Amino acid sequence: MATKNTTSTTIQPLFDNVLIKPAEAEKKTVSGIILPDSAQKQSQIGIVMAVGSGKVAKDGKTIPLVVTVGQKVMYKKWGGNEVKVDNEEWTIISQDDILAIVA
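Trainee: Any chance you could explain the overall build of the protein chain here in plain terms?
Mentor: Broken down by element type, the protein chain carries 0 helices and 10 strands. Listing each helix as α and each strand as β along the protein chain from the N terminus yields β-β-β-β-β-β-β-β-β-β. Taking contacts inside the protein chain between residues at least 6 apart in sequence as the whole, the part at least 24 apart equals 64%. When the accessible area of the protein chain is evaluated, it comes to approximately 7000 Å², of which 55% is carbon and sulfur surface.

Here you go:
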């Protein structure tokens, strides 16, 4: 179990939830065209900032999470809930909504 301490906010996800800081959206196209804020797509890749203790199975045993703090992950586009952490939009999602660990 890990906690992300920010300057004024501490968020500890519960159970199989994961706190993710999304990567910044691309501000420029491959060809060099600068995109306005309204045209930038929200990133589906982010850094794991904190994880819960794990999912509790029906038999009462805790199933540990696969992801750990600091890993870069790809997650579902519409999954999770946005939370504000020190004026930044972060996302809390279930581990089930994480699609891949990005190397």
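There's more to say after this.
Trainee: Can you help me understand the confidence of the model for the protein chain in this one?
Mentor: Keep in mind that low pLDDT regions are not for reading the predicted coordinates in detail. Across the protein chain, the average pLDDT comes to 82, with 77% of residues at 70 or higher. Note on residues 3-7: pLDDT is under 50 here. Beyond four places in sequence and across chains, it has 16 contacts.

Trainee: Sorry, what's going on with the environment of W78 here?
Mentor: If you trace the backbone, W78 turns up in the loop between β7 (72-75) and β8 (81-85). The exposure class of W78 is exposed, given its relative accessible area of 75%.

Trainee: Any chance you could explain the pattern of salt bridges here in plain terms?
Mentor: Oppositely charged side chains can form a pair if their charged atoms are brought close together. A full pass over the atoms with the stated rule returns 4 salt bridges. We note a salt bridge from D97 to K76, for which the minimum N-O separation is 3.7 Å. One end of the pair, D97, is in the loop between β9 (88-94) and β10 (98-102); the other, K76, is in the loop between β7 and β8, and 21 residues separate them in sequence. Accessibility expressed as a relative area gives 17% for D97, which makes it buried. In this structure, the salt-bridge partner of K84 is E89, at a minimum N-O distance of 3.5 Å. Relative accessible area serves as the criterion here: at 40%, E89 is assigned to the partly exposed category.

Trainee: What's the story with the side chain of S94 in this structure? I'm lost.
Mentor: Take S94: it is sitting in strand β9. At 3.2 Å, the side chain of S94 forms a polar contact with the side chain of D16. Ignoring sequence-local partners within four residues, the contact set of S94 consists of D16 and N17.

What counts as what
- Residues numbered from 1 in each chain as written.
- Predicted model: local features only at pLDDT ≥ 70, side-chain atom pairs only at ≥ 80, totals over all residues.
- Heavy atoms only, no water.
- Helix = DSSP H or I, 4+ residues; strand = E, 2+ residues; numbered from the N terminus.
- Contact = heavy atoms within 4.5 Å.
- Areas by Shrake-Rupley, 256 points an atom, 1.4 Å probe, with all protein chains shown as cover.
- pLDDT = per-residue confidence, 0-100.
- Buried < 20%, exposed > 50% of the residue type's maximum accessible area, 1.4 Å probe, protein only.
- Salt bridge = Lys/Arg side-chain N within 4 Å of Asp/Glu carboxyl O.
- Polar contact = N/O pair within 3.5 Å; in protein donor to acceptor, adjacent residues only side chain to side chain.

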